[in-house]
Each structure stands twice: as structure tokens, then as C-alpha cells.
Amino acid sequence: MAQDIETMSVNAIRVLSADAIQKANSGHPGLPLGVAPMAYELWAHKLHINPKNPKWENRDRFVLSGGHGSMLLYSLLHLFGFGLQKEDLMNFRQLGSLTPGHPEYGHTVGIEATTGPLGAGISMAVGMAAAEKHLAAVFNKPSYEVVNHRTYVIAGDGDMMEGISSEALSLAGTWNLTKLTVLYDSNNISIEGNTDIAFREDVAKRAEAFGFKTLLVDDGNDLAKISAALDQAAADDTAPYFITVKTTIGFGCPAKQGTASAHGEPLGADNVKAMKETLGWPSEEPFYVPEEVYAHYKELSDGKQAAEDAWNALFAEYRAKFPEMAELWDRYHSDADIEKLSQDAGYYAKAEKAEATRASSGAVINYMKDHIANLFGGSADLAPSNKTDMKGEAFFSAETPAGRNIHFGVRELAMGGIANGMLLHGGLRTYVGTFFVFSDYLKPMARLSALMKIPQIFVLTHDSIGVGEDGPTHEPIEQLAMLRSIPNMEVIRPCDRTETEGAWMAALQSKDHPTALILTRQNLAQLPGSDAEKVKLGAYITDDCEGTPDVIVIATGSEVSLAVEAKKALAAKGDSRKIRVVSMPNMEAFEKQSAEYRESVLPNSCRKRVAVEALSDFGWGKYVGLDGKTVSMHSFGASGKAELLFEHFGITAENVVKTIESL
């Protein structure tokens, strides 16, 4: 019996996915085989995208949160004409291919977000929907809804088990992100077996409690039911939607469907053959797709141009009728404001007295807000302590979507993922804040920022034992080394207001990496040798000696002043050693400088070196060498007044002096 073209088109996704995974002898066939119908229906008939212009600003966003099912996405990108060739599918999971094991943003055209850590995709989809809501509130005018698109995310049982999904969905409901639709691939199977072994709650009721309207599609192969649910969600602008779609993992493979073994291993050649027979596929040839199926997908793909054409015409009218808004749009979608700010002398204001670098950062944020139109950020319920709020600006919410401040609540992990989604959406320059010690909660999403090469900004305050009475649970020790170990992340620990200004500018000017700003709770002196421009070099001489130094003291943040004091104390004692003090706010940036510059700051001929930092000394070995020493933390902190803690743990100018003398 001949199949209709839509059934064949759904099965093309299944066949290509199974063949690619079998050829690679690696991958996850269960999700693509089970989810193919809902993905097809969404992409074919609902999703406003244009394969000829994958970056069209008003496109709908689609995120596959279960990134292990990447062949579903690659098959769709191939069939809809995004540029992936059949040869790319045949190279699935191979070194250098455009089809890596999990989808990678910026690597493969059409991928909106890097996914794989389960639940992360949900949080980024929430961020994209929040960005749409905010930008719509800023730019839309009556009859000119130039920002009007939806965000769809397909997520499975594993995504729903991860805590980040609850954090993110809770905020989505709180913010009433009515353009967000979650498609829950509910197949009741995890790697270890039936989900009943560890996962028995009613997920739809959980979503309803978060503020979603919920629907159930009881047959994941019924395109009509899937279509009706998607239409209902799109037609209702009162709430986000959570659609549970009951699917069968590994559908179509008789020996595997509905079992845990379908999840994460190739079906096997015999089972692939049996699957094709069961599905009524016309050929056993690997990667075979009938020409009529390709023609159908081309017709669908070509038909998507109309939506962008209509938007382009609308936006041309908008630009003519609202020239001031068009100018603002251009500012939001370029770096013009940042480059203008970098030349603004008012930005580089000198502080008149000692202040915490968290306060310095707050002053910078509140200067930037008037010069960077699309600055958008907030904190994990710590804005008064982080100094991350923009004074006089409203908070983003269901009621005030144009607000530029964000209440993330006590949700560091989802905050990072949501902010990544906002940044991936485009049109916004985002930052998030929390206490430095809680970067442990934030780290997985910071790692994704670095992997995706997006310029997210993390404001991390209360950076050492200077936290004081809150004690060791709140005093970061190993977190700085942890963040520095993330490839493609720059970690900046400024020593005063001037370096904080330089740190923020370096973060803003980044195009391809995230930045963590590590800031103090306690007041720091303003150092005469600090230089905002030189922060971008990573390290520079802040207090030099004549000629070649005998000793180099390298410090960051609050400890730079200790290094300067120690040098003065040695001179007062009549010590004749020539000492150079180097501020190293950004190790990663220093490593990117030329060998000549690095030698000019840290000459190899000077082997007597001391590093001073009130955190773990892990990572300092490459700068102090075998002959050098560190003044640092080698244990957790304690509860007490900050000044007493620094003395107790030996993070003092006196100890720096003793360490220099001991070399």
C-alpha cells in the first residue's frame, strides 16, 4: 500500500537518523525515531524560519534540549535545505564534520544553541522567549509588530528530571512567556530502564503549577493531533504552553522500540533493515530518500520565504514611519554603543576614595545603562549585594516586559542558561550576578557560554575570605582556579575602580568568549599605578624598579595593594633588592599576548617571584616557577571579621615581606 507523502517525509527523518548512527557505530537513535512526527509537523507547518536566511531576526526559535538526539536535527536541516549535505550525515560524529555528536551553535548552520547537558536547552529556550517578550515591548507599535515570533523546545524525560528545568520553567511561568511552547517527549524510558525507577511525578501538573497551560497528545504518531495542539498553543496569548506528547522510543524498530537499549546505541544492521521493512521504506540502501520526498521538503522550504518577505515589507514601513525606533533597532543589533562608550572619557572616572570593586562595578553599570541601549541583566536575588541593578530602570516581568533589570530569584544554574538564551537570541547585551562562591552552581552554563563562544558576562562578588563573618560556606577558595580552567573564558579580578572599568570594557568588547568579573566585598585603595587600558593585556607593571628586577611580586584584586605595601616596607627597612610589582587581573588575556610583551613584564631572567592571591594557589606554578613562592589560601576560610581573617591566614603585607626575604 502506497504511503502518503507526509508519512514518507516523517519516515525519511527516521531512516536518515538510523543510517547515520549505524554508519558511525555510535549515537542515540531512540529519540529521532520516536520524535520524528512532532518534529516534522512543527518544522513543516508551524515554524516560521527561512533556510535561505537562517539568521532572519524575526524567525521562530527551535531548541532540541535532548541534544543526544542530534541526528533528528541534522536530518531536518538536511531535508529543509540548510546546507547540510548527505555526505555530512554520513560523517556523523566524525572528527571535523558538521554533524558532531551533540548540536553545536556556530558550528552548524541552523543550530540555535549547543545542547547536551540535559535541561540546559530548556533554560536557553526560556531565555530566547524572554528576549522576544522584552524586545517586543521595546519596539512594537500598533499594527507594526516587528518582534513577533515563538520559541519551541523539544525536551524529554531526562530534561525534566534535571533541576535546571524546574528552575527555568518556574521563571517562564512567572514571566508569563506566552510565546514559549514546550513539547515534552514522554516515552517513559531512561538509560537504566523504565522511568518509574526514579521518576514518578505528574510532569504536566508540575508545569501547570509553574503557570503553563497543558495539553496532551496521546499518540505521538498522529500528525493531526500534534498539529491541533500546536495551533491551540499559538492561538492563545495568555500563557506559555506545555504539550505532553506520548511517544515510543525507537519507534519502527521491532526489536528495540519501547526499550532502554533503543536510547544510546546503534540499532544494528539487521535491526535497521527490519525497521525499514516495518516502515514500508522503499529501499534498503543506506541514506536513500526518494526524490518525491526531497521535492516535498523543497516545496515546504521554498514556501517559508513568504513569511520573511512579509516581515521585510512590514519592517521597511516601520523604518520609514518610526525612524527614531529604527535607529534604536540598529543600535540594539550592533556594537556601536559599546565602541562609542570605549571613547567616552566620562566612563573612565577616578574614584575619590577606597571602595569595594563590587561598588566600582555598580558605578560602571549605572554609567553604562545610559550609553548602551540594550544592556539587560540581573542577579540571583542578590542585586543589593552584587550592585548589579540599574538605578531608575524597571524590572522585567509579566507586567513590565520592557524593564531592563531582571529578578532571576535564587536560581544560579537556570540564570546562566536563561541569560545564554537571551544572548543567543540576539539584540541584547546581557550580564548576570551572584556571589563568587555560588559560581559552583553557575559553572555548567558558564562552560556552555565558553563552548558556544558567546560574550556572556558574569558578575561574581564577595570574592575571598574578605566575606568575613559569613564563614567558609560563603568564602570562595578554589572557584577562581575552577573558572580559569575553562577554555575560552576570561576571568578578570580587578584591583580598584580603574581596573574595574577596564575589566568591564574588555568584557563588553568581547566577540567570542565569556568574561567573569571577580569583585570584592571589602573596600580597596585606589592605586596610582592601575591602568584601565592595560587590563586587556592581562598583566602589566603597576609599580616598577630601576633596571632589571631582583624580585617580581605578582598579585590580583585586593592583594595588589598588599604587594605595593610590601615593596614600600622593604624599602623602609633599607632592603636594596629591586622589586617589580605586577598586577595580573586576567591570566587568560596575558597568555594571548606576544612573547615579547610577556617577557617585558615577567622576564625569564628573574626567577625570584612571589604570587599573592587570597584564594587557592592552584595554577600559579607556571608564573612563580620552582624558585618562587605564593602567599595564598591552603584551606577553607573561617568566620570572623575580614581584617582578622586576612591576618589569621597570612594574607598580609608583612607575610609578603617575609616571603620575599625567604627567597
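Rules behind the numbers
Residues numbered from 1 in each chain as written. Predicted model: local features only at pLDDT ≥ 70, side-chain atom pairs only at ≥ 80, totals over all residues. Heavy atoms only, no water. Disulfide = S-S within 2.5 Å. Buried < 20%, exposed > 50% of the residue type's maximum accessible area, 1.4 Å probe, protein only. Axes fitted to C-alpha atoms, helices over the stretch in contact; angles between N-to-C directions. Helix = DSSP H or I, 4+ residues; strand = E, 2+ residues; numbered from the N terminus. Parallel < 35°, antiparallel > 145°, perpendicular 65-115°, else oblique. Contact = heavy atoms within 4.5 Å. Nonpolar A, V, L, I, M, F, W, Y, C, P; charged D, E, K, R; others polar. Pairing = 2+ DSSP bridges. Phe/Tyr/Trp six-rings, centres within 6.5 Å; stacked < 30°, edge-to-face > 60°. Salt bridge = Lys/Arg side-chain N within 4 Å of Asp/Glu carboxyl O.

Trainee: What is the right way to read the state of the cysteines from this model?
Mentor: A covalent bond between the sulfur atoms of two cysteines is referred to as a disulfide. All told, the structure shown has 0 disulfides when counted by the stated rule. Between Cys495, a free cysteine, and Cys545, which holds the nearest cysteine sulfur, the sulfur-to-sulfur gap is 19 Å. Judged by relative accessible area, which is 3%, Cys495 ranks as buried. Of all cysteine sulfurs, the one in Cys545 lies closest to Cys606, which takes part in no disulfide; the gap is 8.3 Å.

Trainee: Help me understand the packing of helix H17 (residues 412-425) against helix H18 (residues 439-452), please; the structure alone is not making it clear to me.
Mentor: Interaxial distance between H17 and H18 falls to 6 Å at its minimum, and their mutual angle equals 20 degrees. Here H18 runs roughly parallel to H17, going by the angle between their axes. Counting all contacts with H17, which are made through Glu412, Leu413, Met415, Gly416, Gly417, Asn420 and Leu424, the residues of H18 involved are Tyr441, Leu442, Pro444, Met445, Leu448, Ser449 and Met452. Of the residues contributing to the contact of H17 with H18, the split by class is 9 nonpolar, 4 polar and 1 charged.

Trainee: Please explain the pairing of strand E11 (residues 429-435) as it appears in this structure.
Mentor: Consecutive residues of a regular strand have side chains that alternate between opposite faces of the sheet. Here E11 lies mainly inside the structure; 7 of its 7 residues are buried. Here 5 bridges tie strand E8 (residues 375-379) to E11, and the two strands are oriented parallel to one another. Bridged to Phe376 within E11 is Thr430. Sheet topology places E11 next to strand E12 (residues 457-461); 5 bridges connect them, and they run parallel. When the bridges of E12 are listed, Thr434 appears paired with Leu460.

Trainee: When you look at the packing of aromatic side chains in this model, what are you seeing that I'm missing?
Mentor: Each aromatic ring pair is characterised by the separation of its centres together with the angle its planes make. One pass over the structure, following the stated rule, counts 29 aromatic pairs. A ring pair is formed by Phe435 and Phe438, whose centres lie 6.1 Å apart and whose planes are at 20 degrees; its orientation type is stacked. Neither residue differs from the other here; Phe435 and Phe438 are each classed as buried. One aromatic cluster is present, formed by Trp56, Phe139, Tyr144, Trp311, Phe315, Tyr318, Phe322, Trp329 and Tyr332 through successive ring pairs.

Trainee: Looking at this model, I keep getting lost on helix H3 (residues 70-79). Mind explaining?
Mentor: Quick reminder: α-helices carry 3.6 residues per turn. Residues three or four places apart thus point the same way. Counting buried positions along H3 yields 10 of 10 residues, so the element is predominantly enclosed. Taken together, the buried positions of H3 are Ser70, Met71, Leu72, Leu73, Tyr74, Ser75, Leu76, Leu77, His78 and Leu79. In the core, the buried residues of H3 are packed alongside helix H1 (5-24), helix H2 (30-45), strand E1 (61-64), helix H4 (86-90) and helix H11 (291-303). Positive backbone phi, approximately 80 degrees, marks Gly81, located one or two places after H3.

Trainee: So what exactly am I meant to see when it comes to the sheet that holds E12 here?
Mentor: Hydrogen bonds between backbone groups are what pair the strands of a sheet, and the pairing can be parallel or antiparallel. The strand order across the open sheet formed by 7 strands is E9-E10-E8-E11-E12-E14-E13, and the pairing between neighbours is parallel. The sheet terminates laterally at strand E9 (395-396) and strand E13 (490-492), the two strands that pair on one side only. As defined by bridge partners, E13 adjoins strand E14 (residues 515-518) across 3 bridges and the pair is classed as parallel. Across the sheet, the residue bridging to Glu490 is Thr515, located in E14.

Trainee: Just to check I follow, could you spell out the pattern of salt bridges for this structure?
Mentor: Opposite charge on two side chains lets them pair, provided their charged atoms get close. Tallying each qualifying case throughout the model produces 30 salt bridges. Measuring nitrogen to oxygen at the nearest pair gives 3.2 Å for the salt bridge that ties Glu132 to Lys179. Taken as a pair, Glu132 in helix H5 (residues 120-139) and Lys179 in the loop between helix H7 (163-174) and strand E3 (180-186) lie far apart in primary sequence, 47 residues in all. Since its relative accessible area comes to 21%, Lys179 is described here as partly exposed. Here Glu265 ties to Lys256 by a salt bridge, and the two come within 2.9 Å at their closest N and O atoms. Residue Lys256 is classed as buried on the basis of its relative accessible area of 10%. Each of Lys52, Lys298 and Asp302 takes part in one network of salt bridges that share partners.

Trainee: Got a minute to help me understand the sheet that holds strand E6 (residues 213-217) in this structure?
Mentor: Taken in spatial order, the 5 strands line up as E1-E2-E3-E7-E6 in an open sheet, and their pairing is parallel. Strands at the two margins of the open sheet, each flanked by one partner only, are E1 and E6. Between one strand and the next, the sheet's axes are offset by a mean angle of 20 degrees, whatever the strand orientation. In this sheet, strand E7 (residues 241-246) lies alongside E6 in parallel orientation, the contact comprising 5 bridges. Its bridge partner being in E7, Leu215 is matched across the sheet by Ile243. Packed on one face of the sheet, H5 meets E1, strand E2 (151-156) and E3 and runs near 165 degrees to E2.

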